[in-house]
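The primary structure of each chain is shown beneath.
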Amino acid sequence: MNLIVAVDENWAIGKGGDQLIYISTDLKHFKELTTGHPVILGRKTLATFPGGRPLKNRRNLILSATAGYEVEGAEVFPDVDSLLSAAPQDAFVIGGESVYRALLDRCDTAYVTKIHAAFPADRYFPDLDAHPDWALWEEGAPLEEKGVVFHYATYKRK
Ligand SMILES: NC(=O)c1ccc[n+]([C@@H]2O[C@H](COP(=O)([O-])OP(=O)(O)OC[C@H]3O[C@@H](n4cnc5c(N)ncnc54)[C@H](OP(=O)(O)O)[C@@H]3O)[C@@H](O)[C@H]2O)c1
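If you're wondering where the values come from, they're calculated on a predicted model, not measured in any experiment.

A. Geometry of the overall build of the protein chain. A count of helical and extended segments in the protein chain gives four helices and twelve strands. The C-alpha atoms of the protein chain give 15 Å as radius of gyration, which agrees with the globular expectation for 158 residues (15 Å, within 12%). Seen through its principal axes, the protein chain has C-alpha atoms that stretch 45 × 35 × 30 Å. At a minimum sequence separation of 6, the contacts of the protein chain that also span at least 24 residues come to 64%.

Laid out in structure tokens, this is it:
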């Protein structure tokens, strides 16, 4: 499986239940990579989407152990094992922190948007530069949007 994440210089990914920053170029990049593929996400990340609705043109697989929790247009799984038995290999894990940590070992490719800034944060992604199982495979040139500099990096499982 794949994962896709946007991190700051400290591998921070969120604060107060929301993203650190919205970069429209990166959102387009996210859409291009994930459209047509299943996405795997936690209940709290779904709540950050407009209207709390699943992403269009993608099968949405939601992890939640909350009894009776259902989402129109999405499939809900109460644990990792049941989710994995339904998730195809071309799925993208799209967060948040708890779901990335639960499924990192099941992923082979990580598409990381690295934002050249540090934000106050309360949610983090594991530092892949320091991770024994992962190596940087490809790195793009710096891009800029409204004064925010970022670049795309791809990591592969060793
Ligand atoms: N920068 C990025 O690329 C990026 C991407 C996505 C999200 N984020 C940020 O990450 C933050 C959210 O992360 P988070 O860790 O708080 O929440 P989350 O991972 O989105 O969702 C957590 C919820 O998912 C369910 N869950 C997780 N693991 C489970 C398991 N093994 N079995 C059953 N259910 C499981 C639980 O739902 P129940 O409580 O219903 O059981 C849990 O409360 C937000 O700030 C968001 O903006 C950032």
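B. Fine view of the site of the ligand. Surrounding the ligand, one finds 28 residues, the nearest of these being Gly-14, Gly-42, Thr-45, Gly-95 and Gly-96. Residue assignment for the shell around the ligand shows that the elements contributing at least two residues are β1 (2–7), β2 (12–15), β3 (18–19), α2 (43–46) and α4 (97–103). Per-element tally for the shell around the ligand: the top contributor is α4, with four residues. When grouped by side-chain class, the residues that make up the shell around the ligand number eleven nonpolar, eleven polar and six charged.

C. Broad picture of unusual backbone geometry. Along the chain, Gly-95 connects to Gly-96 via a cis peptide bond; the corresponding omega equals 0°. On the secondary structure map, Gly-96 appears in the loop between β7 (92–93) and α4. Phi at Lys-146 takes a positive value of approximately 50°, unusual for a residue other than glycine. Exposure remark for Lys-146: the 8 C-beta atoms within 10 Å place this residue in the exposed category.

D. Just the pairing of β2, in detail. The pairing of β2 with strand β9 (residues 123–124) spans two bridges and is classified as antiparallel. Pairing of Ala-12 across the sheet is with Tyr-124, part of β9. Inspection of the sheet shows β2 paired to β3 by two bridges, in the antiparallel sense. Each bridged residue has a counterpart across the sheet, and for Lys-15 the counterpart in β3 is Asp-18. Following β2, the chain reverses through two residues before pairing antiparallel with β3; Gly-16 in that reversal takes a positive phi of roughly 60°.

E. Layout of the environment of Glu-75. By secondary structure assignment, the location of Glu-75 is in strand β6 (residues 75–77). Filtering out sequence-adjacent residues up to four positions away, Glu-75 remains in contact with Leu-61, Ile-62 and Ala-86.

F. Spotlight on the sheet that holds β9. Sheet architecture is open: three strands sit in the order β3-β2-β9, paired in antiparallel fashion. Both outer strands of the open sheet, β3 and β9, are each paired with one neighbouring strand and no more.

G. Seen up close, the nonpolar core. Ranked by size, the top nonpolar core spans 31 residues in total, and within it Leu-3, Val-5, Ile-40, Phe-92 and Val-93 carry the most contacts. In terms of residue count, β1 provides more of this core than any other element does, five residues in total. Beyond its immediate chain neighbours, meaning those up to four positions away, Phe-92 contacts Asn-2, Leu-3, Ile-4, Thr-34, His-37, Val-39 and Ile-40.

H. Focus on the pairing of strand β8 (residues 109–115). For β1 and β8, the ladder comprises six bridges, and the chain directions are parallel. Opposite Leu-3, over in β8, you have Ala-110 as the bridge partner. Bridging between β8 and strand β12 (residues 148–157) involves seven bridges; their strand directions are antiparallel. The partner of Lys-114 across the bridge, within β12, is His-151.

I. Up close: the environment of Ala-87. Mapped onto the fold, Ala-87 is located in the loop between α3 (80–86) and β7. Among all residues touching Ala-87, those that are not within four sequence positions of it are Met-1, Pro-38, Ile-40 and Leu-61.

Cut-offs and rules
- Residues numbered from 1 in each chain as written.
- Predicted model: local features only at pLDDT ≥ 70, side-chain atom pairs only at ≥ 80, totals over all residues.
- Helix = DSSP H or I, 4+ residues; strand = E, 2+ residues; numbered from the N terminus.
- Rg over C-alpha atoms; globule rule 2.2 N^0.38 Å.
- Contact = placed C-beta atoms within 7 Å.
- Near = placed C-beta within 6 Å.
- Nonpolar A, V, L, I, M, F, W, Y, C, P; charged D, E, K, R; others polar.
- Buried ≥ 20, exposed ≤ 12 C-beta atoms within 10 Å, placed from the backbone.
- Pairing = 2+ DSSP bridges.
- Core = buried A, V, L, I, M, F, W, Y, C linked by C-beta atoms within 7 Å.

These values are about where atoms sit, not about what they do.
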